[in-house]
Amino acid sequence: MPDSSPADAPMSVTKRLRQIPLFTQLSDAEIAHITEAAREKSYPKNSVILFEDDPGDALYVVLSGQVKVVLIGEDGREVILSMLRDGDFFGEMSLIDDQPRSAHVIAMEESNLLVLRREDFRQCLEETPRIALGLLRALSRRLRRADDKIGGLVLLDVNGRVARLLIELADENDGKTIPRKVTHHTIAQMIGSSRETVSRTIREFADRGLIEVSRKDIAIVDRVGLEALAGL
Ligand code: CMP
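Presented here is an overview of the structure given in this document. (Residues numbered from 1 in each chain as written. Predicted model: local features only at pLDDT ≥ 70, side-chain atom pairs only at ≥ 80, totals over all residues. Heavy atoms only, no water.)

### Thoughts on the site of the ligand
Where we set the bar: Whether a residue is near a molecule or strand depends on its heavy atoms: if one lies within 4 Å, it is near. In the analysis that follows, any N or O atom pair within 3.5 Å is treated as a polar contact, provided that within protein one partner can donate a hydrogen and the other can accept it, and provided that, for residues neighboring in sequence, both atoms belong to side chains. For the accessible areas, the method is Shrake-Rupley and the probe is 1.4 Å, while residue cover comes only from the protein chains on display.
Around the ligand, a shell composed of 14 residues is seen, among which Gly91, Glu92, Ser94, Arg101 and Ser102 lie nearest. With respect to the ligand, the side chain of Ser102 contributes an N or O atom lying 2.7 Å from an oxygen atom. For the ligand, an oxygen atom lies 3.3 Å from a polar atom in the side chain of Arg142. Here the ligand, which alone exposes 460 Å², has 91% of that area covered by the protein.

Encoded structure:
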C-alpha cells in the first residue's frame, strides 16, 4: 500500500472513518492508508451483502443505512442476530479465522458501505496493530450481547424478552423511543417469537402504561417496570 498524506484522501471518507469506533484512535496517516485501500459501495434495500457459507473476501464498514445479520432456517424462517448501522463493521470473522461466512448480512434500507478487501485488511492489521485492539474491543462487546441474548432466550418468557429488546433498541436510539420502522415482525425475528405474539405483547404493555405507541414510534413510559420484566 503506497504511503500518502491525509490531504490526498477524499475529505468526506476520511472524516467519516474518524467517527468509526474501530478507527478513532488512529493517526491521520493510518486513516489515510485505509481510505486509500477501501472503496465505497451502495446496496439497495433488501439486497444480500453477504451469504452464509460463502468464502470471506472483505470487511465492511457501515457508513450510512442499516443492515441485519441473519440466519435463515431450512423452512425459510429468519433469526436476526444483530442489526448494525453507521459506525459498525461486519465480515471480520471469516477474515480472521478463514472459515466461511457465519451468517447472511442483508441491507434493511439503502446502505452505503466501505469495503476493505481481505489482503488490504490483513495489511492494515499488520501495519497498524492498534486496529487489532479496536477489533478485540468490538468483538468483546458483541460476545457480551450474544451472551445476554442467550441468557434472555433461556431465562425469560416472551414478555421479558420483548421488554429487554425494547430497552436495548431505545438505548441504541435516543434512550426513550424506538422508531416504528422496527416492525413487530422484526422484533419477533430478534427474539425467536411470532409477529402475532409480539403484537399482543406490545398492546398489553401499552394497556399497562409501560409504553406508548404512536404512528411514529414506541415511547418508553415506565422504564423501571420494563426493566423489572426484563430481569434487569
Ligand atoms: P463473517 O462470518 O465473516 O460474515 C458474517 C458476519 O456477520 C460476521 O463475519 C460478523 O461480522 C457478523 N456477525 C455474525 N454474528 C454476529 C452477531 N451475533 N452479532 C453481530 N454481528 C455478527
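On we go from here.
### So, the sheet that holds strand β5 (residues 78-85)
Stated formally: Between any two strands, pairing holds if DSSP finds at least two bridges. In DSSP terms, a helix is any run of H or I states spanning at least four residues, a strand is any run of E spanning at least two, and both are numbered starting from the N terminus. To define axes, lines are fitted to C-alpha atoms, for helices over the stretch in contact only, and angles between the resulting N-to-C directions are given on a 0 to 180 degree scale.
Reading across from one edge, β2-β7-β4-β5 is the order of the four strands in this open sheet, with antiparallel pairing throughout. Across the chains shown, the open sheet's two edge strands, defined by having one partner strand only, are β2 (48-50) and β5. In this sheet, neighbouring strand axes are inclined to one another by 35° on average, regardless of whether the strands run parallel or antiparallel. In this structure, strand β4 (residues 66-72) lies alongside β5, joined through seven bridges in antiparallel fashion. In the sheet register, Val67 faces β5, and the bridge partner there is Leu84.

### Observations regarding helix α6 (residues 158-172)
Selection rule: A helix's residues, less one, multiplied by 1.5 Å, set its expected span. Only protein chains enter the area calculation, which uses a 1.4 Å probe; residues under 20% of their type maximum are buried, those over 50% are exposed, and those in between are partly exposed.
End to end, α6 covers 21 Å across 15 residues, agreeing with the expected 21 Å (1.5 Å per residue, within 8%). Of all 15 residues that make up α6, 11 are buried, and the element is covered over most of its length. Taken together, the buried positions of α6 are Asn159, Gly160, Arg161, Val162, Ala163, Arg164, Leu165, Leu166, Ile167, Leu169 and Ala170.

### Topic: the nonpolar core
This is how the line gets drawn: Throughout this description, the term nonpolar core refers to a set of buried Ala, Val, Leu, Ile, Met, Phe, Trp, Tyr and Cys residues connected via side-chain atoms within 4.5 Å. Any two residues whose heavy atoms approach within 4.5 Å at even a single point are treated as in contact.
Counting residues in hydrophobic clusters, the biggest one holds 27 residues, and the most contacted among them are Leu166, Ile178, Ile202, Phe205 and Leu226. Examining the composition of this core, we find that seven residues originate from one element, α6, more than from any other. Leave out the neighbours within four places in its chain, and Leu226 touches Ala163, Ile167, Phe205, Leu210, Ile211 and Ile220. Membership of the second largest hydrophobic core comes to 22 residues, among which are Ile20, Ile31, Val61 and Leu116.

### What to know about empty space enclosed by the protein
Spelled out, the test is: Using a 1 Å grid laid over the protein atoms alone, points where a 1.4 Å probe fits but cannot get out form a cavity; open sets with protein on both sides within 12 Å along at least 5 of 7 lines form a pocket; any residue with an atom within 4 Å of a point counts as lining. Grid points are joined across faces, edges and corners, and a volume is the space filled by probe spheres set on the points. Following the grouping adopted for this structure description, the nonpolar residues are Ala, Val, Leu, Ile, Met, Phe, Trp, Tyr, Cys and Pro, the charged ones are Asp, Glu, Lys and Arg, and the polar ones are all others, Gly among them.
The full count for this structure, using the stated rule, is one cavity of 30 Å³ or more. Taken as a whole, the largest cavity holds about 50 Å³ of empty space. Its residues assigned to classes, the lining of the largest cavity shows four nonpolar, three polar and two charged.

### Looking at unusual backbone geometry
In the Ramachandran plot, Asn46 falls in the positive-phi region, its phi being about 75° despite a non-glycine side chain. Within the element layout of this structure, Asn46 appears in the loop between β1 (39-43) and β2. On the basis of relative accessibility, which here comes to 55%, the residue Asn46 falls in the exposed class. Even without glycine at this site, Asp98 takes up a positive phi of about 60°. Mapping Asp98 onto the fold places it in the loop between α3 (92-97) and β7 (104-107).

### Considering the pattern of salt bridges
Our working definition: Throughout this description, the term salt bridge denotes a Lys or Arg side-chain nitrogen within 4 Å of a carboxyl oxygen of Asp or Glu.
Going through the model one piece at a time under the given rule, you end up with 17 salt bridges. Of the charged contacts in the structure, one is a salt bridge between Asp75 and Arg77, with a shortest N-O distance of 3.2 Å. With a relative accessible area of 57%, Asp75 lands in the exposed category. Here Arg208 ties to Glu204 by a salt bridge, and the two come within 3.1 Å at their closest N and O atoms. Given a relative accessible area of 47%, Arg208 falls into the partly exposed group. In this structure Glu204 comes out as partly exposed when scored by relative accessible area, which is 32%.

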